[in-house]
Amino acid sequence: FAVVDKSGGRTLGINVDRKHRSSLLVDGIETGLIQEWNQSHPTEEIKVGDLIVEVNGVVGDVSALMEECKRDTMLRLRLQRQAIMSCDCTE
């Protein structure tokens, strides 16, 4: 879990893609709370391509996840790293 304090009205500083029905795909990181989290937690860094699958206990609905992320409160984000398929394409 990544825990960030959005109670001061600051922005998360991430761009997300809502194409998944039950999660948010991180497709960009900008200045904001997530960038600060990454600097403070380099071994738990949130990366482009990660999926936000839960926010403060909200799961399974992309619209509800978006609404929870907009709240000015402490946010507890559960992320899932997508497996990257590798291919030896030299043949």
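Just so it is clear, the structure is predicted and the values come from calculations on it, not from any experiment.

## Some details on the overall build of the chain
On a plain count of helices and strands, the chain comes out with two helices and six strands. In sequence order, the chain lays out its α and β elements as β-β-β-α-β-β-α-β. For the chain, the proportion of its 91 residues judged to be buried stands at 33%. Sequence-distant contacts in the chain: of pairs separated by 6 or more residues, those separated by 24 or more amount to 56%. Per element, the accessible surface of the chain, about 5,800 Å² overall, is 47% carbon and sulfur. One way to put it: in the chain the 11 positive side-chain charges average out to a point 5 Å from where the 15 negative ones average out.

## Some thoughts on the environment of leucine 24
Of note, leucine 24 is situated in strand 3 (residues 24–29). Along the sequence, leucine 24 and tryptophan 37 sit 13 residues apart, while their C-alpha atoms lie 18 Å from each other. In this view, leucine 24 contacts Val16, Asp17, Arg18, Asp50, Leu51, Ile52, Val62, Leu65, Met66 and Cys69; residues no more than four positions away in its chain are not counted.

## Considering unusual backbone geometry
Excluding glycine, a negative phi dihedral is what most residues carry, and trans is how most peptide bonds are arranged. Located in the positive-phi region is asparagine 56, a residue other than glycine, with phi close to 50°. Secondary-structure assignment places asparagine 56 in the loop between strand 4 (51–55) and strand 5 (58–59). Judged by relative accessible area, which is 29%, asparagine 56 ranks as partly exposed.

## Focus on the environment of lysine 70
If you trace the backbone, lysine 70 turns up in helix 2 (residues 62–70). When the C-alpha atoms of lysine 70 and lysine 6 are compared, they prove to be 8.8 Å apart, with 64 residues separating the residues in sequence.

## Observations regarding the pairing of strand 3
Bridge count for strand 2 (residues 14–17) against strand 3 is four bridges, and the pairing is antiparallel. Bridge pairing in strand 3 places aspartate 17 opposite leucine 25. Between strand 2 and strand 3, which pair antiparallel one after the other, the connecting turn spans six residues. Two elements, strand 3 and strand 4, share two bridges in a ladder whose sense is antiparallel.

Definitions and limits used
Residues numbered from 1 in each chain as written. Predicted model: local features only at pLDDT ≥ 70, side-chain atom pairs only at ≥ 80, totals over all residues. Heavy atoms only, no water. Helix = DSSP H or I, 4+ residues; strand = E, 2+ residues; numbered from the N terminus. Buried < 20%, exposed > 50% of the residue type's maximum accessible area, 1.4 Å probe, protein only. Contact = heavy atoms within 4.5 Å. Areas by Shrake-Rupley, 256 points an atom, 1.4 Å probe, with all protein chains shown as cover. Lys, Arg positive; Asp, Glu negative; His and termini not counted. Charge placed at Lys NZ, Arg CZ, Asp CG, Glu CD. Pairing = 2+ DSSP bridges.

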